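# Working through the structure, step by step
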Amino acid sequence: MPMTAFSGYTLSGGLLKDFGDALAAALQLTPRYLLVPRKRVEEMLQTGKADIVCDLKPEWLDGKNYAWSSAIFTNNLIVASRTDTPPANTLRDLRDARLGTIHGYRYPEIDAEIGVHYTRDDAMSDEVNLAKLVLHRFDYIVTNSLYFDYARYVHPSRQQLNAVSLKINSFNTYCAIRPDGKLTLAQLNRAIDALHRRGAIDQMMARYRTAPK
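Attention here is on the structure that accompanies the text. Keep in mind that what you see is a predicted model, and the values were worked out from it rather than measured.

Our focus in this paragraph is the overall build of the protein chain. Along the protein chain, the regular secondary structure elements total seven helices and nine strands. Its C-alpha radius of gyration of 18 Å places the protein chain within 12% of the 17 Å reference for a compact globule of 213 residues. By its C-alpha atoms, the protein chain is 50 × 40 × 35 Å across when sized along the principal axes. When each of the 213 residues of the protein chain is scored for burial, the buried share is 45%. Contacts spanning at least 24 positions in sequence make up 63% of the contacts within the protein chain whose residues lie at least 6 apart. Entry remark: accessible area of the protein chain is about 11500 Å², with carbon and sulfur atoms responsible for 50%. Here the protein chain holds 27 positive side-chain charges and 23 negative ones, and the gap between their average locations is 4 Å.

For the rest of this paragraph, the subject is the side chain of Asn75. Checked against the element boundaries, Asn75 lands in strand E5 (residues 73–81). According to the relative accessible area criterion, Asn75 is buried, its value standing at 8%. Within the structure, Asn75 has its side chain in polar contact with the side chain of Asn144 (distance 3.1 Å). Within the structure, the side chain of Asn75 is placed 3.2 Å from the backbone nitrogen of Leu146, a separation counted as a polar contact. In contact with Asn75, other than residues within four places in its own chain, are Asn144, Ser145, Leu146, Asn169, Ser170 and Phe171.

Here the focus is helix H1 (residues 15–27). A rise of 1.5 Å per residue sets the reference length of H1, with its 13 residues, at 18 Å; its end C-alpha atoms lie 18 Å apart and thus fit the reference within 8%. Just downstream of H1, Gln28 is the residue with a positive phi angle, here 60°.

Here the focus is the pairing of strand E6 (residues 98–102). Counting buried positions along E6 yields four of five residues, so the element is predominantly enclosed. Relative to strand E7 (residues 119–123), E6 is paired through five bridges, and the arrangement is parallel. Bridge pairing in E7 places Gly100 opposite Asp121. Traced from E6 through helix H3 (residues 108–114) to E7, the parallel crossover comes out right-handed. Bridging between E6 and strand E8 (residues 140–144) involves two bridges; their strand directions are parallel. Residue Leu99 lies in a different strand from E8, and its bridge partner there is Tyr140.

Once that is clear, we can look at the side chain of Asn189. Structurally, Asn189 can be placed in helix H6 (residues 185–197). Once you skip the residues sitting within four places of it in the chain, Asn189 turns out to touch Ser69 and Ser70.

On to helix H5 (residues 145–154), then. Inspection of H5 places Ser145, Leu146, Tyr147, Phe148, Tyr150 and Ala151 among the buried residues, and these make up the whole buried set. Taken together, the buried residues of H5 touch H1, E5, helix H4 (126–134), E8 and helix H7 (200–206). Taking the backbone nitrogen of Leu146 as reference, a side-chain oxygen 3.2 Å away marks Asn144 as the first, capping residue of H5.

Judged by nonpolar contacts, the single largest core of 26 residues is most densely connected at Leu94, Leu99 and Ile110. Going through the elements one at a time, helix H2 (41–46), strand E3 (53–56), E5, E6, H3, E8 and strand E9 (166–177) are the ones with two or more residues in this core. Tallying contributions element by element places E9 first for this core, with four residues. Setting aside its immediate chain neighbours within four residues, Leu99 contacts Leu94, Ile110, Tyr118, Thr119, Arg120, Asp121, Phe138, Tyr140 and Val142.

Another point: a nonpolar patch on the surface. A surface patch of nonpolar side chains, amounting to about 380 Å² of accessible area, comprises Phe6, Tyr9 and Leu35. Structurally, the position occupied by Tyr9 is in the loop between strand E1 (5–7) and strand E2 (10–13).

Cut-offs applied
- Residues take numbers from 1 onward in each chain, read along the sequence in its written order.
- Owing to the predicted nature of the model, reporting of local features is limited to residues with pLDDT of at least 70; listing and counting of side-chain atom pairs is limited to 80 or more, with chain, interface and lining totals taken over all residues.
- With hydrogens and water set aside, each side-chain value is computed from the structure's full complement of heavy atoms.
- Put simply, DSSP H or I for four residues or longer makes a helix, DSSP E for two residues or longer makes a strand, and each gets a number counted from the N terminus.
- A radius of gyration in this sense is built from C-alpha atoms; the matching globule rule multiplies 2.2 Å by the number of residues raised to 0.38.
- Partly exposed residues are those whose accessible area sits between 20% and 50% of the maximum for their type, while under 20% is buried and over 50% is exposed, using a 1.4 Å probe and protein chains only.
- The contact definition used throughout considers only heavy atoms, calling two residues in contact when any of these lie within 4.5 Å.
- Computed by Shrake-Rupley with a 1.4 Å probe, the accessible areas treat only the displayed protein chains as cover when residues are assessed.
- This count recognises Lys and Arg as positive and Asp and Glu as negative, with His and chain-terminal groups excluded.
- Note on charges: their place is set at NZ of Lys, CZ of Arg, CG of Asp or CD of Glu.
- Side-chain atoms alone can form a polar contact between residues adjacent in sequence; in general such a contact is a pair of N or O atoms within 3.5 Å, and within protein one must be able to donate a hydrogen while the other accepts it.
- To estimate how far a helix should reach, multiply one less than its number of residues by 1.5 Å.
- DSSP-based pairing: two strands are paired if at least 2 bridges between them are found.
- Handedness is read with the strands pointing away from the viewer; a crossover is right-handed when the path from the first strand over the helix to the second is clockwise.
- In this description, a nonpolar core means a group of buried Ala, Val, Leu, Ile, Met, Phe, Trp, Tyr and Cys residues linked to one another through side-chain atoms lying within 4.5 Å.
- Patches here: salt-bridge-free residues with over 30% relative accessible area, like charges joined within 9 Å, nonpolar side chains (Val, Leu, Ile, Met, Phe, Trp, Tyr) joined within 5 Å.
- Basic side-chain nitrogens of Lys or Arg form a salt bridge, by our definition, when they fall within 4 Å of a carboxyl oxygen of Asp or Glu.

Put into structure tokens, the structure is as follows:
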């Protein structure tokens, strides 16, 4: 959370389900969510086993033959820490540090600034990285503000999470489809643009920016 919640192997809640349900309704379709490892997401799209993948950027995928939608979410890539650790002021402050990172993700801004002079400590999710941060496995995690701000409201160790973080960049995420798939880009963009116009996506995101009721 706040992106996904699961009941067993079934997607049961979170921002991505909220968006997927609303998008499907706008397209007059019934959604079916596929649970696969991060490394297999692109394979599912390439082989036609999935019709659409969302909350991605083009540079996060290897294939270049996808059609990309209008922007769906705006988020921030950040470096976060505990309250007992001074927040990083610049990326250079992370030189020679061990960073909590996500397996399969790329961090070109960090690589461009400090090259090989940091150590990745990869985990499969932000939740695992946050647990390691609380346990002092490292002092900094590379995460996103949607996740970390939500964690500061709900995590059992939220008092240890620093409200101050280093913003690396702001970014939009998109949906990708195959050009020869079941959906056309025009259909997809009309549905997404309609959700934006009526404020539905802003309302979804706002639900995860405050403490859950």
